[in-house]
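Notes for the structure review
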Amino acid sequence: MAEPILSIRDLSVDYVSADGPVRALDHVSLDLMPGEVVGVAGESGCGKSTMAQAILRILPPPAVISGGQVLFEGRDLLAMDEGALRRMRWERIAMVFQSAMDALNPVLTVGEQIADTLRAHGAAPSGRAARARAAELLGTVGIHADRLESFPHQLSGGMRQRVGIAIALALDPALVILDEPTTALDVIVEREILEEIQELQRKRGFAVMFITHDLTRMLQFANRVAIFYAARLVEVAPAGELRMAARHPYTQGLLRAFPSVHGGDVDLSSIPGSPPSLRSPPRGCRFHPRCAVAVDLCREREPELVALGPAHAAACHLVTG
Amino acid sequence: MRFILQRLGFYLLAAWAALTLNFFLPRLMPGDPATALFARFRGQLRPEAMQALREAFGLTPEPLLGQYITYLGHVLRGDFGVSVAYFPSPVSTIIGTGLLWTMFLAGTAVAVSFVLGTLLGVAAAWWRGGWMDTLLPPALALLGAFPYFWLAMVALYVFGFQLAWFPLGHAYADDLTPGMNLPFLASVLRHAALPVGTVVVATLGGWMLSMRNTMVSVLGSDYVNLARAKGLPPSRVVLRYAARNALLPSVTGFGMALGFVLGGSLLTEIVFSYPGQGYLLLQAVQSQDYPLMQGIFLVITLAVLGANWLVDIAYLWLDPRTREGS
């Protein structure tokens, strides 16, 4: 079997606050194969975006990475010095940010923001070459080159997110992290953009970590899916297997909360309650207060992630016995 | 372009309103300045002087509207009447020299303070929690909290009188003739050092803190995060992405400050006997020189409006989002 391109090992992130640290990501381990599309899903505040930013080490304070490793092509990004990390950023790992509105610098033109990326990595020998390449990149996401001179506020939300994708692909990265790339967009633009990303992914073959809270979209796009709940990874499985045979009660609840793409005749229902505060997570399994099938053990001991098949694992006392 | 003209139109309207107020306010007061002045001299002035004073204030028997039009005409030609204290010099010449010195002194002080404070703010936010971020703001806030005149007098006493590093007053040494020669310019700089220095010390903290705070929030924004993720060199992330955006609110403050210092350098100029506008205003008030006071108030108003217009133009250049429809 091939070596994973990205291997997250026991990664933990804390938000330092006046009343002590709040754990936003708790001992998470996850692998990505080259060219693989892995979906990461969970409710808001479950640690998905925190993980994405931790991989690139761009977590804004007061968040601190408190433990673990992020092995990318065999090298630990967390142990790398700033200079080496800077070259690694974007040349190998790129990211499309959550909010199309706020991810572009309002005072620089779109062209400048693509060109400075190219220039910073020596990917364009001259300003003219950088412009030509920037125009070409805009072309690949369906934006006309005369938009190079536009400022972000002159573009629609969808166009801005396309620019974000063009910037991400500028240096032909091996891994692209999509952090809820379509959250701020309407449904039609969302579908267009996702189809475009899929198309580009098929053509160029980069690996994708696709973060979203929309399980339906994810199951269409991803090869493998990881489900997060309250800062922990609770289940990971190939997309097809997850859809048909999810084992964790939380995943099952999530699946029931989204309409099926194949129009299966299932009643939609939401999971009662809301995610726990990370400041004081419940004892035992973090999902037990909302779990319909919880037993005494769930209230006392925290379940470990246990393998259920070649690529399937879940953290639940009931499935692991 | 249309935006600039629109703003210019607005400021012209505001200037006209200020001129009109300047005309009507004295006339709304009971009595008139000429009578008040005449009374103050308790018979030492001859009755003919009363008539001269009334004319100097534009208090002719003409109807109010006619007076108003004459007044506007005079102001447009730069004629603010004749100073009482410096009789018979016209107000415009007196204000002219004072204005130049004030523009030099206050302009330098505000510019130095703004640039230095902004740079310190950028540095403090970038190395958040470092010594610059923890020590400087409270120290500068402390200095800024002293009454300015006290700070200025202490500086004058220590550096001017005790140590004699700097001259005690005036804009240049008395034995020099003003002109574009090295000794004169050097003397001007030496004389400006203490007044400029004290203003900078007193106002630096404000600029630094406001820039630091905006900078900290901009540093947490998605586009700065993206800039870092893109692997841009730190200098570009700080300057082109973070500071460039954090500067915008400060520029508004800079325009306001620039306008207000033209009138507000009063204390500096009094402590350092600097022949600027504030010093003139003090003298005008002490000698009941109404034409001079009116002229100075008008110049201050116009300076505030002009500075704001310049800031509007600078903003247009700095923030593309304001360029819409232009």
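All of the points below concern the structure found in this document. (Residues numbered from 1 in each chain as written. Chains lettered and ligands numbered in written order. Predicted model: local features only at pLDDT ≥ 70, side-chain atom pairs only at ≥ 80, totals over all residues. Heavy atoms only, no water.)

**Looking at the overall build of chain A**
As a reminder, the rule being used: Counting from the N terminus, the helices are the DSSP runs of H or I reaching at least four residues and the strands are the DSSP runs of E reaching at least two. Only C-alpha atoms enter the radius of gyration; for comparison, a globular chain is expected to reach 2.2 Å times N to the power 0.38, where N is the number of residues. Only protein chains enter the area calculation, which uses a 1.4 Å probe; residues under 20% of their type maximum are buried, those over 50% are exposed, and those in between are partly exposed. Working rule for contacts: check all heavy atoms of both residues, and any pair within 4.5 Å makes them a contact. Here the accessible surface of atoms and residues is derived via Shrake-Rupley with a 1.4 Å probe, and residues count as covered only by protein chains that are part of the display. All tallies of charge rest on Lys and Arg as positive and Asp and Glu as negative; His and the ends of each chain are not included. For charged residues, the charge sits on one atom: NZ in Lys, CZ in Arg, CG in Asp, CD in Glu.
The secondary structure content of chain A amounts to 11 helices and 12 strands. What you see for chain A is a C-alpha radius of gyration of 20 Å, in line with the 20 Å of a compact globule of 321 residues. Principal-axis analysis of the C-alpha atoms places the extent of chain A at approximately 65 × 50 × 45 Å. For chain A, the proportion of its 321 residues judged to be buried stands at 53%. For chain A, long-range pairs separated by at least 24 residues make up 63% of all intrachain contacts whose partners lie at least 6 apart in sequence. Accessible surface, chain A as shown: approximately 13,800 Å² in total, 51% of it carbon and sulfur. Between the mean site of the 32 positive side-chain charges and the mean site of the 37 negative ones, chain A shows a separation of 2 Å.

**Points about the pairing of strand 7 (residues 175–179) of chain A**
All names here are of chain A. How we decide: Between any two strands, pairing holds if DSSP finds at least two bridges.
For strand 7, the tally of buried residues reaches 5 of 5 residues, placing the bulk of the element in the interior. Pairing geometry for strand 6 (residues 93–96) and strand 7, over 4 bridges, is parallel. The residue of strand 7 that forms the bridge with Ala94 is Val176. Examined bridge by bridge, strand 7 and strand 8 (residues 207–212) share 5 bridges and lie parallel to one another. Note that in strand 8 the partner of Val176 across the bridge is Val208.

**Here's the deal with the state of the cysteines**
Residues and elements named next belong to chain A. How we decide: Cysteine sulfur pairs qualify as disulfides if the two atoms are within 2.5 Å.
A complete count under the given rule lists 0 disulfides over all chains for this structure. Of all cysteine sulfurs, the one in Cys298 lies closest to Cys291, which takes part in no disulfide; the gap is 6.2 Å. Overall, the relative accessible area of 17% leaves Cys291 in the buried class. In this structure Cys316 is not part of a disulfide, and its nearest cysteine sulfur, from Cys298, lies 6.0 Å away. Judged by relative accessible area, Cys316 falls into the buried class, the value being 5%.

**Thoughts on the interface of chain A and chain B**
Selection criterion: Note on terms: buried area is the combined drop in 1.4 Å-probe accessible area of two parts once they are placed together, counting the loss on both. Put simply, a salt bridge is a Lys or Arg side-chain nitrogen that is within 4 Å of an Asp or Glu carboxyl oxygen. Think of a polar contact as two N or O atoms within 3.5 Å of one another; within protein, one of them needs to be a possible hydrogen donor and the other a possible acceptor, and neighboring residues in sequence only count if both atoms come from side chains. For this classification, Asp, Glu, Lys and Arg are treated as charged, while Ala, Val, Leu, Ile, Met, Phe, Trp, Tyr, Cys and Pro are nonpolar and the rest, including Gly, are polar.
If you look at the interface, chain A gives 29 residues, while chain B gives 22 residues. The junction of chain A with chain B conceals about 2,300 Å² of combined surface from both sides, 59% of it contributed by carbon and sulfur atoms. For the interface between chain A and chain B, the tally reads 3 salt bridges. Among the salt bridges present, the one from Glu112 of chain A reaches Arg240 of chain B, with a minimum N-O distance of 3.2 Å. Summed over the shared surface of chain A and chain B, the number is 13 residue pairs in polar contact (both at pLDDT 80 or more). Looking at which element gives the most residues to the side of chain A that touches chain B, the answer is helix 3 (residues 110–120) of chain A, with 5 residues. Along the lines of polarity and charge, the residues of the side of chain A that touches chain B split into 16 nonpolar, 8 polar and 5 charged.

**A look at the sheet that holds strand 12 (residues 313–314) of chain A**
Residues and elements named next belong to chain A. Read from one edge to the other, the open sheet built from 8 strands follows the order 6-7-8-3-9-10-12-11, with strand pairing classed as mixed. Either end of the sheet is taken by a strand with one partner, and the two such strands are strand 6 and strand 11 (306–307). The pairing of strand 10 (residues 232–238) with strand 12 spans 2 bridges and is antiparallel. Within strand 12, the residue paired with Glu235 across the bridge is Ala314.

**Focus: helix 4 (residues 64–76) of chain B**
Note: α-helices contain 3.6 residues per turn, so residues at a spacing of three or four share the same orientation. All names here are of chain B. Just so we agree on the cut-off: What a helix is expected to span follows from its residue count: subtract one and scale by 1.5 Å.
Compared with an ideal rise of 1.5 Å per residue, which puts 13 residues at 18 Å, helix 4 spans 18 Å between its outermost C-alpha atoms and is within 8% of the ideal. Restricting attention to buried positions, one finds in helix 4 the residues Gly66, Gln67, Tyr68, Tyr71, Leu72 and Val75. Contacts made by the buried residues of helix 4 are with helix 1 (2–28) and helix 14 (290–318). Phi for Gly78, located one or two positions after helix 4, is positive at around 80 degrees.

**Re a nonpolar patch on the surface**
Residue and element names in this part refer to chain B. To keep things clear, this is the line we draw: Any residue with relative accessible area above 30% and no salt bridge may belong to a patch, with like charges joined within 9 Å and the nonpolar Val, Leu, Ile, Met, Phe, Trp and Tyr side chains within 5 Å.
Taken together, the side chains of Leu142, Phe146, Phe149, Trp150, Met153, Val154 and Leu267 make up a nonpolar region of the molecular surface, amounting to roughly 630 Å² of accessible area. The greatest single-element share of the nonpolar patch, amounting to 4 residues, is contributed by helix 8 (residues 148–162). Residue position: Trp150 is located in helix 8.

**Focus on the environment of Val28 of chain A**
All names here are of chain A. Tracing the backbone through its elements, the reader meets Val28 in strand 2 (residues 20–32). Taking relative accessible area as the criterion, Val28 reaches 0% and is therefore assigned buried. Between the C-alpha atom of Val28 and that of Arg232, which follows or precedes it by 204 residues, the distance is 6.3 Å. In this structure, Val28 is in contact with Ile8, Arg9, Asp10, Leu11, Met51, Phe228, Ala231, Arg232 and Leu233, ignoring residues within four places of it in sequence.

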